[in-house]
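So you can see what is in the structure, the chains are spelled out below.
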Amino acid sequence: YEIQCVTGVQTCALPILTSLQLKVDLFCTREHVFDAYTDTAKQAAITGAPAVAEGKIGGMVSLWSGAVTGVFVALRRPELIVQTWRTHDFETNEPDSRVEIRLQSTPQGCRFIVTQDQIPKRLYKQFVNGWTSAYFKDLAAWTAQANIH
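Calculation criteria
- Residues numbered from 1 in each chain as written.
- Predicted model: local features only at pLDDT ≥ 70, side-chain atom pairs only at ≥ 80, totals over all residues.
- Heavy atoms only, no water.
- Helix = DSSP H or I, 4+ residues; strand = E, 2+ residues; numbered from the N terminus.
- Contact = heavy atoms within 4.5 Å.
- 1 Å grid on protein atoms, 1.4 Å probe; cavity = no way out; pocket = protein on both sides within 12 Å on 5 of 7 lines; lining within 4 Å.
- Points joined across faces, edges and corners; volume = space filled by probe spheres on them.
- Nonpolar A, V, L, I, M, F, W, Y, C, P; charged D, E, K, R; others polar.
- Axes fitted to C-alpha atoms, helices over the stretch in contact; angles between N-to-C directions.
- Parallel < 35°, antiparallel > 145°, perpendicular 65-115°, else oblique.
- Buried < 20%, exposed > 50% of the residue type's maximum accessible area, 1.4 Å probe, protein only.
- Polar contact = N/O pair within 3.5 Å; in protein donor to acceptor, adjacent residues only side chain to side chain.
- Arc of directions from axis to C-beta.
- Pairing = 2+ DSSP bridges.

*Asks:* Explain the environment of Arg86 to me, using residue names and the numbers behind them.
*Replies:* With respect to the secondary-structure elements, Arg86 resides in strand E7 (residues 80-87). Apart from residues no more than four positions distant in its own chain, Arg86 is found in contact with Ala67, Val68, Thr69, Glu91, Thr92, Glu94, Pro95 and Asp96.

Structural data, given as structure tokens:
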């Protein structure tokens, strides 16, 4: 169903939003992952594209040459990263998405758990694919290549 709001005499459709939670196990410490996620040069190396990751609260995030932009809103090393998230596919009436990354220690390394809220429903499959087929794969390859254990 679609929710409608009425403002004055105009009717506008509110975006239908959804969320996701995905995880991947990595063979490196959560400190290494946290530090890589919040560092510009390491993010560029992971994604293979220009990136900005100003690892401080209020710091800018830009991935894949600006296809994704956002701001860090919470950082607790080595366990929590929260940021706003928006892609060039968002409509102007759609709010920024919220990404929460939790890093848990495991006997083999760490578990990267991403929860993303306020995803426009029409972009859900694209976001799942982006995390699983692109970012998780790139992050695992980077940790293996960097020989981080």
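*Asks:* Which residues make up the layout of surface pockets, and what values do they have?
*Replies:* The calculated volume of the largest pocket comes to roughly 210 Å³. Along the walls of the largest pocket sit 14 residues, with Trp64, Val68, Trp85, Thr87 and Gly130 positioned nearest its centre. For the lining of the largest pocket, the secondary structure elements donating two or more residues are E7 and helix H3 (124-145). Among the elements that line the lining of the largest pocket, the one with the most residues is H3, at 6 residues. Of the residues that constitute the lining of the largest pocket, the class distribution is 8 nonpolar, 5 polar and 1 charged.

*Asks:* Requested: an account of the packing of helix H1 (residues 30-37) against helix H2 (residues 40-47), with residues and values cited.
*Replies:* Packing of H1 against H2 brings their axes to within 6 Å, and their N-to-C directions diverge by 95°. It follows from the interaxial angle that H1 and H2 lie roughly perpendicular. Listed contacts from H2 to Asp35, Ala36 and Tyr37 of H1 are Lys42, Gln43 and Ile46. Class assignment of the residues belonging to the contact of H1 with H2 gives a composition of 3 nonpolar, 1 polar and 2 charged.

*Asks:* Describe the side chain of Gln116, naming the residues involved and giving the relevant values.
*Replies:* Here Gln116 shows up in strand E9 (residues 109-120). Here Gln116 falls in the buried class, since its relative accessible area comes to 0%. At 2.7 Å, the side chain of Gln116 and the side chain of Trp131 are in polar contact. Ignoring sequence-local partners within four residues, the contact set of Gln116 consists of Thr18, Ser19, Leu20, Trp85, Ser97, Arg98, Val99, Phe127 and Trp131.

*Asks:* Outline H2, supporting the account with residue identities and numerical values.
*Replies:* Residues of H2 that are buried: Gln43, Ile46 and Thr47. An end-on view of H2 places all buried positions within 85° of arc, on one side of the element. The secondary structure elements touched by the buried residues of H2 are H1, strand E4 (52-53), strand E5 (60-63) and H3. You can read the cap of H2 off the contacts: a side-chain oxygen lies 3.2 Å from the backbone nitrogen of Ala41, and it is on Asp39. At the exit of H2 stands Gly48, carrying a positive phi of roughly 70°.

*Asks:* Which residues make up the sheet that holds strand E8 (residues 97-106), and what values go with them?
*Replies:* Pairing within the open sheet is antiparallel, and its 7 strands lie in the order E3-E9-E8-E7-E6-E5-E4. Two strands bound the open sheet, and with one partner strand each, they are strand E3 (17-26) and E4. Sheet analysis places strand E6 (residues 68-76) next to E7, joined by 6 bridges and oriented antiparallel. From the neighbouring strand, Thr69 faces E7, where its bridge partner is Arg86. Its contacts with the sheet place H1 against E3, E4, E6, E7, E8 and E9, and it is angled at close to 155° to E8.

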